[in-house]
Amino acid sequence: MSEIHLKLDKVHRQYGQGDTSVRVLEDADLEVRGGEMVAIVAPSGAGKSTLLHISGLLERPQSGEVEIVGTPTSKLNERGRTMLRRDTIGYVYQFHHLLPEFSALENVVLPQMIRGVDKADAEKRGHELLELLGVGPRALHRPAELSGGEQQRVAIARAAANHPRIILADEPTGNLDPATSDMVFQALTGLIQEEGVAALIATHNHDLARRADRIVTLRDGKVETMTL
Ligand code: ADP
Ligand code: MG
């Protein structure tokens, strides 16, 4: 069994206080190992995005611990959290959020150069990832010249650019037709296996969720195993 890349231990997250407070996560526990893909399927408003934000160190829980590749994060300051996030986590959103002025390749190269990778190495990695995701021939096109499925595969390549240990994806195919969703999901699965990344993916698509190694849902703020 490979190592645990993401661990949530008794995570509690509520919004607001008193009578109007919403308890989204209560004693939520989860472990995701390298090379494992876990799908979260739950109704809108159940807390999927909250769980992903907390896993991605974009939000803090009120209590509980989030461990990223064995590092507990509750006592880290903002700078420590930001550095750990940059070093270990790749995020994919429902809408690609690619930089419109730059080519697909540049969108994958820039985050690496920001991290200090030299241009030639960043381009090599960029080409490899775009190839792996089946968008190699589109490397020099800008996002507006790409289809929705291609844009999303470039966004996945960008999330993977700096060798993250965890990929978090929030309804990455929510905006795509079924055939395109299928292709994007397949590309994501290939990447996770190839690179041994732990992946947590929120999706409404049951057919896609069934292809994950494990399916979980959120019930009363807890993460529970689910069969579809
Ligand atoms: P999902 O992604 O499953 O649709 P979310 O995690 O976005 O669910 O939201 C879970 C619940 O938390 C919802 O009731 C939502 O209204 C509430 N919520 C999310 N973010 C905030 C916030 N920043 N302030 C107040 N309530 C929020
Ligand atoms: Mg959401």
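Parameters and conventions
- Residues numbered from 1 in each chain as written.
- Chains lettered and ligands numbered in written order.
- Predicted model: local features only at pLDDT ≥ 70, side-chain atom pairs only at ≥ 80, totals over all residues.
- Heavy atoms only, no water.
- Helix = DSSP H or I, 4+ residues; strand = E, 2+ residues; numbered from the N terminus.
- Expected span 1.5 Å × (residues − 1).
- Buried < 20%, exposed > 50% of the residue type's maximum accessible area, 1.4 Å probe, protein only.
- Contact = heavy atoms within 4.5 Å.
- Polar contact = N/O pair within 3.5 Å; in protein donor to acceptor, adjacent residues only side chain to side chain.
- Near = heavy atom within 4 Å.
- Areas by Shrake-Rupley, 256 points an atom, 1.4 Å probe, with all protein chains shown as cover.
- Nonpolar A, V, L, I, M, F, W, Y, C, P; charged D, E, K, R; others polar.
- 1 Å grid on protein atoms, 1.4 Å probe; cavity = no way out; pocket = protein on both sides within 12 Å on 5 of 7 lines; lining within 4 Å.
- Points joined across faces, edges and corners; volume = space filled by probe spheres on them.

Points about helix α6 (residues 178-195)
Because each turn of an α-helix spans 3.6 residues, side chains separated by three or four positions end up pointing in the same direction. For α6, with 18 residues, the first-to-last C-alpha span of 26 Å sits near the 26 Å given by 1.5 Å per residue. Within the span of α6, buried status applies to T180, S181, V184, F185, A187, L188, T189, L191 and I192. Residues of α6 that are buried sit in contact with β3 (37-40), α4 (119-132), α5 (148-160), β7 (166-170), β8 (198-202) and α7 (206-209). Where α6 begins, the side chain of D177 points an oxygen toward the backbone nitrogen of A179, at a separation of 3.2 Å. Downstream of α6 by a residue or two, G196 has a phi angle that is positive, lying close to 65 degrees.

Some details on the site of ligand 1
Taken together, Y15, V24, P43, S44, G45, A46, G47, K48, S49 and T50 form the complete shell of residues around ligand 1. Between ligand 1 and the protein, one listed contact pairs an oxygen atom with a backbone N or O atom of G45 at 2.7 Å. Within the contact set of ligand 1, an oxygen atom lies 3.0 Å away from a backbone nitrogen or oxygen of G47. Protein contact buries 57% of the 560 Å² of open area that ligand 1 shows by itself. Its residues placed into classes, the shell around ligand 1 shows four nonpolar, five polar and one charged.

A look at the layout of surface pockets
Picture a little ball the size of a water molecule; that probe, rolled over the atoms, points out where space is still empty. For the largest pocket, the calculated volume is near 650 Å³. Lining the largest pocket are 23 residues, with I89, Y91, P111, R158 and N162 positioned closest to its centre. Those elements giving two or more residues to the lining of the largest pocket turn out to be α2 (78-88), β6 (89-92), α3 (104-114) and α5. In terms of residue class, the lining of the largest pocket is built from 11 nonpolar, seven polar and five charged.

Spatial relationships are all this shows, so hold off on functional conclusions.
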